[in-house]
Amino acid sequence: MKKNLLFIINNLNCGGAENALVALLEEIDHSKYSIDLLLFKQEGFLQNKVNANVTILPSPVEFSYFDGPIKNGLWRSIKNLRFDVFFARLYTVYLLRKGKTRAEKEQLLWKALNICVPKLPKRYDASISYLQNTPNTYNIDKVNAAKKIGFIRTDYDNMGVNFDLDYPYFKQFDAVLSVSKTGENQLKEAFPDLKHKFFTMESVFSYTMLQKMAEEEVDFQKGALTLVSVGRLHPVKGFDLAIEACKIIKDQGIDIKWYVIGEGAEHQHLLQLVAQHQLETNFIFLGLKENPHPYVSRADMYVQTSRFEGKSRAIEEAKIHKKPIVLTNYPSVNDQIIHGENGYVVEMNANAIAEGILNLYRDVEMKDKLISNLQHTKNSNEQQLNVLYHLIDQ
């Protein structure tokens, strides 16, 4: 008899966690598990890539009252006679004033959502919240499951969360998974009395699907040096450093095209930096792409200028596409890249990024070595899937 599993995530917009979940739902053993997927918002073009065996549940309507201006949420709640939602939405005014960071505000927001969001009626053998913060708290407070598994998919020390708010939730999980060994160790150091609950499960990939997607034809204008980066336009991704590095390379007389795939709150600020450095034809924002793989596979190099990461899915995908990778020396970088073996690690400043890119551009022997090593890397999901299977079935 199949076990019933529930996966929980905010939405299926084009992010690393969302892509990872879609791949996991493709590769998981559907002969052993019957799977439901709960999205807090039914949005994101990755929805149409979810395996047909997965049932996408209706989203809790209460989340929609917390989008947009508070006046709209309050008016809608009165109109629909949802006085529990009205008081919960009003409560957020007080709660959000207490939050020192965006992540802590999200933690506090759950205190209000918890008042009005109903529990799921179905009982599951295991529930897996696939992203930190609200999916994790929803899993503990609103799901009836024999086993509960949470995820932290980023650098916990740099998330900006209040550890004290996370502790009672982590205590109730059967397991909390990080996507890197560095992340697992951070959690163990932050919560030493819960260290038996923390494990590592790296992202799962659908290798056949990635290869097929990379073959799609796209309009892609190349320069003498063509770079691609993928990520949301957020300060943590370091695209300000990338723009400065692009300027340094261009000033050396090199015809550079640096494409960025992603959207985010920093877009206008980054456009201003591009204009300031007169890089409009060199540093190009492509926006969100349902399929970024043709761009990555056709680039000369993949570049990641992050200030911190959990374990970057974009880097893993660049490795699968056998791309030379230049990336900054953020805390968890060694979980993915060995400098000079399968990538090129540089210090976290524009000069070092530019120098690393130029070194690979000019050093054909080093570039060929990186590509050759990546070509001889064996790709398999078995080990990562077994981590999850063991936690569910033990």
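Residues numbered from 1 in each chain as written. Predicted model: local features only at pLDDT ≥ 70, side-chain atom pairs only at ≥ 80, totals over all residues. Heavy atoms only, no water.

Undergrad: For the side chain of Q107, give the residues involved together with the corresponding values.
TA: As for its placement among the helices and strands, Q107 is situated in helix α4 (residues 102-116). On the basis of relative accessibility, which here comes to 11%, the residue Q107 falls in the buried class. A polar contact is formed between the side chain of Q107 and the side chain of D166, at a distance of 3.1 Å. Apart from residues lying up to four places away in sequence, Q107 is in contact with N133, V161, N162, L165 and D166. (Helix = DSSP H or I, 4+ residues; strand = E, 2+ residues; numbered from the N terminus. Buried < 20%, exposed > 50% of the residue type's maximum accessible area, 1.4 Å probe, protein only. Polar contact = N/O pair within 3.5 Å; in protein donor to acceptor, adjacent residues only side chain to side chain. Contact = heavy atoms within 4.5 Å.)

Undergrad: Requested: an account of the sheet that holds strand β6 (residues 175-178), with residues and values cited.
TA: The 7 strands are arranged β3-β2-β1-β4-β5-β6-β7 in an open sheet whose pairing can be described as parallel. Looking along the sheet, the strands with just one partner apiece sit at the ends: β3 (55-56) and β7 (198-200). Relative to β7, β6 runs parallel, the two sharing 3 bridges. Bridge pairing links V176 to F198 in β7. Together, β5 (144-152), β6 and β7 form the strand contacts of helix α7 (residues 181-190), whose direction differs from that of β7 by roughly 175 degrees. Across the sheet, helix α15 (residues 382-393) lies against β1 (3-9), β2 (33-39), β4 (123-129), β5, β6 and β7, angled at about 150 degrees from β5, the strand it touches most. (Pairing = 2+ DSSP bridges. Axes fitted to C-alpha atoms, helices over the stretch in contact; angles between N-to-C directions.)

Undergrad: I'd love a proper account of helix α9 (residues 239-250), names of residues and values included.
TA: Taking 1.5 Å as the rise per residue, α9 with 12 residues should run 16 Å; its terminal C-alpha atoms sit 16 Å apart, in good agreement. At its buried positions, α9 is contacted by β8 (225-230), β9 (256-261), α10 (267-276), β10 (283-287) and α13 (350-362). (Expected span 1.5 Å × (residues − 1).)

Undergrad: Lay out unusual backbone geometry in plain terms, naming residues and giving numbers.
TA: As a rule of thumb, non-glycine residues mostly have phi less than zero, and peptide bonds are mostly trans rather than cis. Although it is not a glycine, L81 sits at a positive phi angle of roughly 60 degrees. With respect to the element layout, L81 can be found in the loop between α2 (70-79) and α3 (83-98). The phi torsion at K322 lies on the positive side, around 60 degrees, for a residue other than glycine. Mapped onto the elements of the fold, K322 is located in the loop between α12 (313-320) and β12 (325-328).

Undergrad: Can you break down the nonpolar core residue by residue, with the values?
TA: Grouped together as the largest cluster of nonpolar side chains are 36 residues, with contacts concentrated most on Y138 and F170. Elements represented by at least two residues in this core include exactly β1, α3, α4, α5 (134-142), β5 and α6 (163-172). If you tally residues by element for this core, the top one is α4, at 6 residues. Formed by 34 residues, the second largest nonpolar core is a distinct cluster that contains I9, L21, I128 and I392. (Core = buried A, V, L, I, M, F, W, Y, C linked by side-chain atoms within 4.5 Å.)

Undergrad: So what about the pattern of salt bridges? Which residues, and what values?
TA: Per the stated rule, a full pass over the model turns up 18 salt bridges. For E217, the salt bridge goes to R298, with nearest N and O atoms at 3.7 Å. Of this pair, E217 sits in the loop between α8 (207-214) and β8 while R298 sits in helix α11 (residues 293-298), placing them 81 residues apart in sequence. For the salt bridge of E341 with K369, the shortest nitrogen-to-oxygen distance reads 3.5 Å. Of this pair, E341 sits in the loop between β12 and β13 (344-346) while K369 is found in helix α14 (residues 364-375), placing the two residues 28 residues apart along the sequence. (Salt bridge = Lys/Arg side-chain N within 4 Å of Asp/Glu carboxyl O.)

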